[in-house]
Amino acid sequence: MKTLSESRAFGGVQGVYAHTSAATGGDMTFGLFLPAEAEHDPVPVLWFLSGLTCTHENAMVKAGAQKWAAEEGLALVFPDTSPRGTGVADDAAYDLGQGAGFYVNATQAPWAPHFRMWDYVTKELPDLLFKAFPLDEGRQGITGHSMGGHGALTIAMSFPGRFRSVSAFAPIANPSASDWGRKQFTAYLGKDEGAWAPHDATLLMRKRGFDGPVLVDQGASDQFLDLLRPEALAEAMAARRQEGTFRMQRGYDHSYFFVSSFMEEHVTFHAQALYD
């Protein structure tokens with residue numbers, strides 16, 4: 001692992017690191033914020049998964065999460081959204097290929113050799129982090145924005161007991177029924193929709209739910225509302241009587257202005273679960 005930068009922030013350290021990934025077959029970069037408490041003891045971890053076109057840097061720079069994480073004594077992990085580099089398949093569209101990994105393990109050509117973001121985020125990167133940094137593996141929460149909200153919800157529901165809390169900002173909530181999902185799932189996973197179901201938050205909520213609290217914020221003026229299908233997830237949460245809160249935020253769009261406006265509440269939500 002190579003240290004690309006380390007900067008003092010809110011009494012802690014915001015680092016950026018690179019490493020060679022077996023899962024994606026190339027070099028990957030991630031951000032990690034460690035609060036001051038990490039100098040003495042392992043600290044709880046909040047994962048932030050970013051959305052389409054993003055790298056590790058977008059949320060790290062724009063979400064304003066470090067201030068609130070420092071106050072709560074939480075580490076923040078900012079993974080990249082896809083493999084990158086020469087030899088890695090890509091597409092001219094912004095919503096497929098590099099920057100659009102959708103947190104799945106691709107099985108179809110030309111994506112299969114590198115696009116294994118499910119394994120990267122759920123196995124390889126955690127294994128590396130918990131060995132290299134003072135992080136408490138038993139206290140993890142996960143959140144994300146848009147495509148990252150989709151990833152956060154599906155990962156949380158697929159690993160019972162790993163995460164104490166999950167939240168999402170404007171998640172792609174029902175990708176099997178949306179052009180933000182059907183296009184990518186067909187490309188990455190093939191035409192068999194049975195292979196898509198484990199990566200659809202609405203279908204997972206109907207089937208198993210989450211064994212902890214859930215918080216979802218959705219901007220009511222989001223320009224991508226029809227693609228996100230938040231109503232499907234809200235209905236599934238209500239039908240399952242899932243412990244959690246779904247909020248439509250009047251006037252907010254899909255941008256990081258929306259994310260940063262509610263970041264404090266999300267960090268506090270996770271801190272309450274992680275320090276319970």
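Residue numbering note: each chain is counted from 1, following its sequence as written. Local features are withheld for residues below a pLDDT of 70 in this predicted model, meaning they are given only at 70 or higher, and side-chain atom pairs are given and counted only at 80 or more; totals for whole chains, interfaces and linings count all residues. The side-chain quantities take in all heavy atoms of the structure and omit both hydrogens and water.

Visitor: I keep staring at the overall build of the protein and nothing clicks. Help me out?
Guide: In DSSP terms, a helix is any run of H or I states spanning at least four residues, a strand is any run of E spanning at least two, and both are numbered starting from the N terminus. Helix and strand content of the protein: nine helices and nine strands. Computed over the C-alpha atoms, the radius of gyration of the protein is 17 Å, within 12% of the 19 Å expected from 2.2 N^0.38 for a compact globule of 276 residues. Counting only C-alpha atoms and orienting by the principal axes, one finds that the protein spans roughly 50 × 45 × 35 Å. Only protein chains enter the calculation, and the probe is 1.4 Å; a residue is then buried if its accessible area is under 20% of its type maximum, exposed if over 50%, and partly exposed in between. Burial statistics for the protein: of 276 residues in total, 58% are counted as buried. By definition, residues are in contact when any of their heavy atoms lie within 4.5 Å. Restricting the contact set of the protein to residue pairs at least 6 apart, pairs at least 24 apart contribute 72%. Accessible surface, the protein as shown: approximately 11,000 Å² in total, 50% of it carbon and sulfur. Counted charges follow a simple rule, with Lys and Arg positive, Asp and Glu negative, and His plus the chain ends left uncounted. Lys charges are placed at NZ, Arg charges at CZ, Asp charges at CG and Glu charges at CD. One way to put it: in the protein the 22 positive side-chain charges average out to a point 4 Å from where the 32 negative ones average out. Only the C-alpha atoms count toward the radius of gyration. The rule for a globule is 2.2 Å times the residue count to the power 0.38. All accessible areas in this document rest on Shrake-Rupley with a 1.4 Å probe, and a residue is counted as covered only by the protein chains that are shown.

Visitor: What exactly am I supposed to notice about the side chain of His-266 here?
Guide: The topology assignment puts His-266 in helix α9 (residues 256-274). A distance of 2.9 Å separates polar atoms of two side chains, one belonging to His-266 and the other to Ser-167. Setting aside chain neighbours within four positions, we find His-266 in contact with Thr-143, Ser-167, Ala-168, Phe-169, Leu-215 and Asp-217. Here a polar contact means two N or O atoms within 3.5 Å. Within protein one must be a hydrogen donor candidate and the other an acceptor candidate, and residues neighboring in sequence count only if both atoms are side-chain atoms.

Visitor: Would you mind going over the sheet that holds strand β2 (residues 12-21) with me for this structure?
Guide: Two strands in a sheet stick together by hydrogen bonds in their backbones, pointing the same way (parallel) or opposite ways (antiparallel). Pairing between two strands is assigned when DSSP locates at least 2 bridges connecting them. If you trace the nine strands from one edge of the open sheet to the other, you get β1-β2-β3-β5-β4-β6-β7-β8-β9, paired in mixed fashion. In the strand order of this sheet, the two ends are held by β1 (2-9) and β9 (244-249), each with one partner. Going from strand to strand, the sheet's axes swing by 20° on average, the running direction of each strand aside. As paired strands, strand β4 (residues 43-49) and strand β5 (residues 75-79) are joined by three bridges and run parallel to one another. Bridging from a neighbouring strand, Leu-46 pairs with Leu-76 of β5. Axis definition: a line fit to C-alpha positions, over the contact stretch in the case of helices; interaxial angles, taken between N-to-C directions, run 0 to 180 degrees. In this fold α9 packs onto β4, β6 (135-144), β7 (165-169), β8 (214-219) and β9, with an angle of close to 175° to the strand it touches most, β7.

Visitor: Hey, could you run me through the environment of Leu-189 in this one?
Guide: Within the secondary structure, Leu-189 sits in helix α5 (residues 179-189). We classify Leu-189 as buried; its relative accessible area is 10%. Sequence separation of Leu-189 and Gly-87 is 102 residues, and the distance between their C-alpha atoms is 20 Å. In this structure, Leu-189 is in contact with Val-104, Asn-105, Ala-106, Thr-107, Gln-108, Gln-184, Ala-195, Trp-196 and His-199, ignoring residues within four places of it in sequence.

Visitor: Just to check I follow, could you spell out the packing of aromatic side chains for this structure?
Guide: By convention here, two paired aromatic rings are described through the distance between centres and the angle between planes. Whether two aromatic rings pair depends on their centres lying within 6.5 Å, for rings of Phe, Tyr and Trp, where Trp uses its six-membered ring; planes under 30 degrees apart make the pair stacked, over 60 edge-to-face, and the rest tilted. Considering all chains together, one arrives at 15 aromatic pairs under this definition. Three or more aromatic residues joined by ring pairs form one cluster here, namely Phe-48, Phe-78, Phe-169, Tyr-252, Phe-258 and Phe-262. Above the plane of the ring of Trp-68 lies Lys-67, whose end atom (NZ or CZ) is 5.1 Å from the centre. For the cation-ring pair, Arg-162 lies above Phe-159, with the distance from its terminal atom to the ring centre recorded as 4.3 Å. Two limits define a charge over a ring: the Lys NZ or Arg CZ must be within 6 Å of the ring centre, and within 35 degrees of the ring normal.

Visitor: When you look at the nonpolar core in this model, what are you seeing that I'm missing?
Guide: Nonpolar side chains in soluble globular proteins tend to end up buried together. By nonpolar core is meant a set of buried Ala, Val, Leu, Ile, Met, Phe, Trp, Tyr and Cys residues that side-chain atoms within 4.5 Å join together. Formed by 87 residues in total, the largest nonpolar core has its most connected members in Phe-30, Leu-32, Leu-129, Leu-135, Ile-142 and Tyr-188. If we ignore the near neighbours within four places in the chain, the residues touching Ile-142 are Leu-46, Trp-47, Leu-49, Ala-152, Ile-155, Ala-156, Phe-163, Ser-165, Val-166, Ser-167 and His-270.

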